[in-house]
Structures are given as C-alpha cells and as structure tokens.
Amino acid sequence: MKIHEYQAKELFRKYNVTTPKGKLATTSAEVEKIADEFGLPVVIKAQVHAGGRGKGGGVKLAKTKADVTPIADSIIGMTLVTKQTGAQGKKVRKVLVEEGLNIKKELYLSIIPDRETASVAIICSQDGGMDIEEVAAKTPERITTVNVSPVTGIQAFHLNQINFGLELDKELHKQMGALVRNLYQLFVDYDCSMVEINPLIITAEGNILALDAKMDFDSNALYRHPDVVEMRDIEEEDPAEAEASKFGLNYIKLDGNVGNIVNGAGLAMATMDIVKMAGAAPANFLDVGGSANAEAIENGFRLIMQDPAVKGILINVFGGILRCDNLANGVVAAANKLKLSVPVVVRMEGTNVAEGRKILAESGLDLVTAKDLADAAEKVAQMVK
Amino acid sequence: MSIFANKNTRLLVQGITGSEGMFHTRACIAYGTNVVAGVTPGKGGQKMDDVPVFNTVKDARKATNANASMIFVPPRFAADSIMEAADAGIELVVCITEGIPVMDMMKVKNYLATRPQTRLIGPNCPGLLTPGECKIGIMPGSIVKPGGPWGVVSRSGTLTYEAVHQLTQVGFGQTTCVGIGGDPVNGTNFIDCLKAFKDDPETKAVVMIGEIGGHAEEDACEWIKENMPDKPVVGFIAGLTAPPGRRMGHAGAIVSGGKGTATAKIEAMKASGVHHCENLGKMGELCKKVFKG
C-alpha cells in the first residue's frame, strides 16, 4: 500500500529523519498563507501516488509573492501525466508547500527487502535526483548496497560502508549514520516494502534532509499498523481495483478488450499471455482464488462488465478442490443474473469436468465451451476481432 | 522413487482443528497419507476424526515420531508455527498459508539457517504430492499419475495443476510434484528441487514453472546448464504481458526496476538448454517431444 509524500514525511519526522518544513494545502489561498508564514521561496509539490512529478509539471518553485497563486492554481486541479500514471494521468487534489533550501549536493537513498538473501538492502548513491535505474545500468560503481540481517539489525560497519561509499565529508558521517539508522528502524517497525528518498540533500549549511519521500507497505502486514491503514487514499486507486479488494479478489486493469476470469495468480498471468499470443489483448488480470466459489465468479463477472472496453470474456478455471460441476452452476447463475452483453468462452478442466460441460451446454445460455486452453484463447480472440 | 515425501512420511498438521486444516487433512488421509498427529495449542487431548491432537509440535513429535508437518495456521501466526516445527526437529515443513508478512519470513529464513535438518516448502504454496504415496497440501489427487518419469516444480498452484494434468493426459506419470510458492521469501527454491530430482533415479525429466519477479529462475537455469545435462527440462514462465510495478496476485510476482521480467527468464531458459514452452496449452505435447520415454 502506497502513501503520499506528505504522509511519509510525517513518519520520517516521527523517527527523527529530518525533512524540510512543510504543510499541506488544497486551495491556492491556503498555499498563499503558508508561503507568507514560511517566507519565500517555497516549493509547491503535487501529492499523487506516482513518480516523475517534477517532469510532468507537478513540482514548481515560487520565488516571488506574485508567483505563488498562479503556480498553485496551475497545479491544484491539474491532471498530472507522468511515466508512472499512464496516459489518463492523475488529478491533483492537494499540494505540499515546503520551504526552499540551499542545496549543495543531492544523494540517493532507498531501503527494500532483498528476497534472495532474506535481508534488508540499503541502497545509496551520490548521484541523487537522477533515475536510479539509469545510474545502476550506466555507472554501477557509483551505487553502494549494504545488506542488513533483520535478526541482528544495523551495525556500525554498515554505516561506514555507506558513508565511505558516498564519499561524504568526515564531519557529515555522524549525521548520516543517525539518519540511516533511524530510517532502517522505521522500515522494520512499519513492515515497509520500500522507502525511497530521491534526492536526499546536503544543504550549504551542512544539514542532511529528505527532500522527497516515497513509502510502500507490505499489505500482508497492515493488520499490525492501523495508523498506516488510516493513511490509505482510496481516490488514488483505480475504482474497479478498489472494489475488487473489498471482495478479496486480485484485479488489475489493463488496456485490452478480452476480460479474463481465472483461478490462481500464475494461471491468470498465463491466460493473459496466451490471449496475447492468440492476437488479442487482455483487459485485466483477475485471480478469483485457487479454490474459487460461485460467488467469486459472479463478483468477477460484475467487475469485468464495468469496463466498457471489454468485448469478450474468457473464463479459465482449473477445478481441483472446486469441482467443475459446481463451477458450471456458478457461471450459469451469474450469467443469468447479470444478463451478459458480450460473448463468453468457458474453458474448464479438472474434477468432474464432463458434468460441468454438460451443465453449460444445457443452460440455454450463449456460452462457448473450449476444449483446451489454446482453443479457448483462439476462440475469444476471434470474437473480439 | 520420489523426492521429499513418500509412503514412509509421518505427517502432523499444525492448525488441524481449523476449517481449512480439517478439510485438507481429510483429503490427505483419503489420498493415503499417513497423518499421525495434529497440533492446536489448547486443544491437546482432543481428536480430529481419528487423529490425536497435541498442544505443541514437540509433544506431537515425541508421541508419534512425526517427521513432516503441514501448516494451515492463519498468516499472523504462521511464521511462529514454522519455527516451532523446526525447533522440534521436524525434517519437512510444508506451509500452505498465504499472506505471511515479508519481515516475518525473513526472520524465519534466518532462523532456519541455524536448523539445517529442516526443509521448508512454501509458504503460499499448494504443497507437494508424490503420486500413489503421499499428498501434503491442497493439490488435487485426481489429476496425478504414479510412476514417473516427470518431476514437477512450480511457483504457482493452479499452473502446477495445469502442467500435471497435461502430463497425465499425454500418458506421463510424475515422481513428485512440488509447489514452492509465490512469496518473495520462501524456503525450498528451484535449485533445491532440481538437485533432488537429479539424484532421484526414477525422475528422468523435469517440468519447471516460473513467473515474473526475482531471479530464482535465472539461477536455476544456470545450475541446470552446469549440473544436469542428462535430464531434459521443460520450462514455462508466466507474466509476459504483466505490467511493470504491479504485483500480480502473488506477493513475489512483480517486475520492479526493470528486474524480474518474463523475457529475461525465458532468455535464460533458452541459453541453458531448457526447452521453453511458449504456449501453455501445448505443454503436454512439448513434453512428449522432449522425452520419448
């Protein structure tokens, strides 16, 4: 689960990770008031769950009093398009107003779990403010990574590796060490799946501050962080995806026109792939669960039918624990209830498959039965052409 | 022959009195698995059908000499259950539970490094099944066929069923089918399974099913190239059309920072002599071509 920059910075401050002075605003009048309070210049930053805000025109510096209102007006209410938002962009509803600082150097710092070594990886670079993937590809020697075991925690040598890796002035070592230690503690305490500061700045006065803040949390651990759950901004999420999460379904909207209903995440991805291979494009990823029931199928149908791009639906279910005859009854019930307006191809396999196919064939519904997965993909691709 | 579990496996079930645990324990018993004990703290002395229930894994092991455990404990308690099983000296721990926090699994993994006698499979996995001998987990017993020669290892549940079903349809049996799970931090990995299949004389060929996220598939391909030239491997990778930065159902299935893509994994397969299956619908046919038996 992602949160906004201003929320991440609140958590940073709680852990003594220094951030610029800042306040949240939703109108240009509020922005003006904050600018008066802080003094100029101020930085006005769009608060949306996406990276690349600066390039998209969502982060601007107001140097004079006359700049403040026009800049605030241009950002609040704008539809911000960045490489992470997709072409439809994201509407900006709030901005973070921060004091302008005298930046001497920009660094990069992030913390992520390292799956292969079961440790916490702290990644830093002196090339802050840039796309870190690009730095990693072009000049990997300018990136320092340390792996911290969550059992023993962060040690002095980890901090040394970071300080010397960043080629920091000796007098900054203590300050940086404390910042990294605090940020690591925040990461662990809050079950984060990512903390990223890009850039982490050193000011002319010799202070190290988090100019930006991105945080993502392990959704499996949210039960122990009610304060993080409070920070969820449902308006930043795709409405259909938010609705799916209420039913316990995994739904991700894509750009194609073949709706998919599949049981199991791996099979759902493989179904998307095979639809593409047959010459069509998947409209979604939808995993109704390895042991899906009729209700899950009905909710899946409803979600997919809300997407106007969908011209055909492919149901691909491998009945293991769930028997195919039960599944077929569920499909028929859902199709009758929802009055489907697009063709549906059903491919089912597994326990009691003969009975299941018979139920579908005798239902009187316009359901196309496929004999196997390859056949199903070809049939549905043909229909949406 | 088989890997990890066979007719001599003596299984205990952690979380046997919950609805999932009860349902799947019965299915395992019906398949022929020797379930010797259950564990639910506070319910020691009771019985689930004919299976005696104990308060701790230690008690259960002492009384029944169980050597394997199947875990159906809810996610917030599952990491603890894995460590409890390892502490009691259980050799094979299969954790079906989905949704364990990554931080908990990291601690488990570090703990297991001090308990080398214990092998963990999962979490977030369908378990494993040695056809005709032993089923641990939730794989449907109806789709498998005993006798080998194929070993199956996979990160995904229903995708495993798909592969196993197709093998059975074209007339091939399986030695053991192992689901290693869809979480980013798990116990047994592809290479562990491949090593075991290599050492199993009845396994003559292997199906390996991966998906986006991490680089376990790439590591496995590297290992295959160096160590297993004599047993053909058919490989499939799910997620070619998955958008980057999105978690595709499984906690571990995500392309981030340009890493963990299906394309990279498929290239690794091709470069290491693994027979890449492009069309999942035709996996059975490909297996027939690759291994004539």
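**Notes on the side chain of Asn198 of chain A**
Residue and element names in this part refer to chain A. With respect to the element layout, Asn198 can be found in strand β10 (residues 192-203). According to the relative accessible area criterion, Asn198 is buried, its value standing at 18%. Polar contacts involving the side chain of Asn198 include one to the main-chain carbonyl oxygen of Met130, which spans 2.9 Å. Residues in contact with Asn198, not counting those within four places in the same chain, are Leu107, Tyr108, Gly128, Gly129, Met130 and Asp212.

**Comments concerning the domain arrangement of chain A**
What the domain assignment lists for chain A is domain 1 (1-20 + 102-236), domain 2 (21-100) and domain 3 (238-384). Spacing between the C-alpha centres of domain 1 of chain A and domain 3 of chain A amounts to 41 Å.

**Re the pattern of salt bridges**
Scanning the model with the defined rule gives 35 salt bridges over all chains in all. Across the pair Asp233 of chain A and Arg93 of chain A runs a salt bridge whose closest N-O atoms are separated by 2.9 Å. You can see Asp233 of chain A sitting in the loop between α7 (226-230) and α8 (239-246) and its partner Arg93 of chain A sitting in the loop between β5 (90-91) and β6 (95-99), a full 140 residues away along the chain. Taking the relative accessible area as the measure of exposure, Asp233 of chain A reaches 9% and is therefore buried. Between Arg347 of chain A and Glu162 of chain B there is a salt bridge whose closest N-O contact spans 2.8 Å. Remark: Glu162 of chain B occurs in helix α5 (residues 157-169) and Arg347 of chain A occurs in strand β17 (residues 344-350); the pair is interchain, linking two chains. Given the relative accessible area of 2%, Arg347 of chain A is considered buried.

**Description of the sheet that holds strand β9 (residues 134-137) of chain B**
Spatially, 7 strands are ordered β9-β8-β11-β10-β12-β13-β14 (chain B) in an open sheet, and the strand pairing comes out mixed. Each of the sheet's edge strands pairs with one partner strand only, and the pair in question is β9 and β14 (275-276) of chain B. Judged from the 2 bridges that link them, strand β13 (residues 233-238) of chain B and β14 of chain B form a sheet pairing that is parallel. Bridge pairing in β14 of chain B links Gly235 of chain B to His276 of chain B. The strands that helix α9 (residues 265-277) of chain A touches are β12 (205-211) and β13 of chain B; relative to β13 of chain B, the one it contacts most, it runs at about 85°. Lying on the sheet, helix α1 (residues 19-31) of chain B is in contact with β8 (127-130) and β9 of chain B; it crosses β9 of chain B at an angle near 170°.

Conventions and cut-offs
- Residues numbered from 1 in each chain as written.
- Chains lettered and ligands numbered in written order.
- Predicted model: local features only at pLDDT ≥ 70, side-chain atom pairs only at ≥ 80, totals over all residues.
- Heavy atoms only, no water.
- Helix = DSSP H or I, 4+ residues; strand = E, 2+ residues; numbered from the N terminus.
- Buried < 20%, exposed > 50% of the residue type's maximum accessible area, 1.4 Å probe, protein only.
- Polar contact = N/O pair within 3.5 Å; in protein donor to acceptor, adjacent residues only side chain to side chain.
- Contact = heavy atoms within 4.5 Å.
- Domains from an automatic or database assignment.
- Salt bridge = Lys/Arg side-chain N within 4 Å of Asp/Glu carboxyl O.
- Pairing = 2+ DSSP bridges.
- Axes fitted to C-alpha atoms, helices over the stretch in contact; angles between N-to-C directions.

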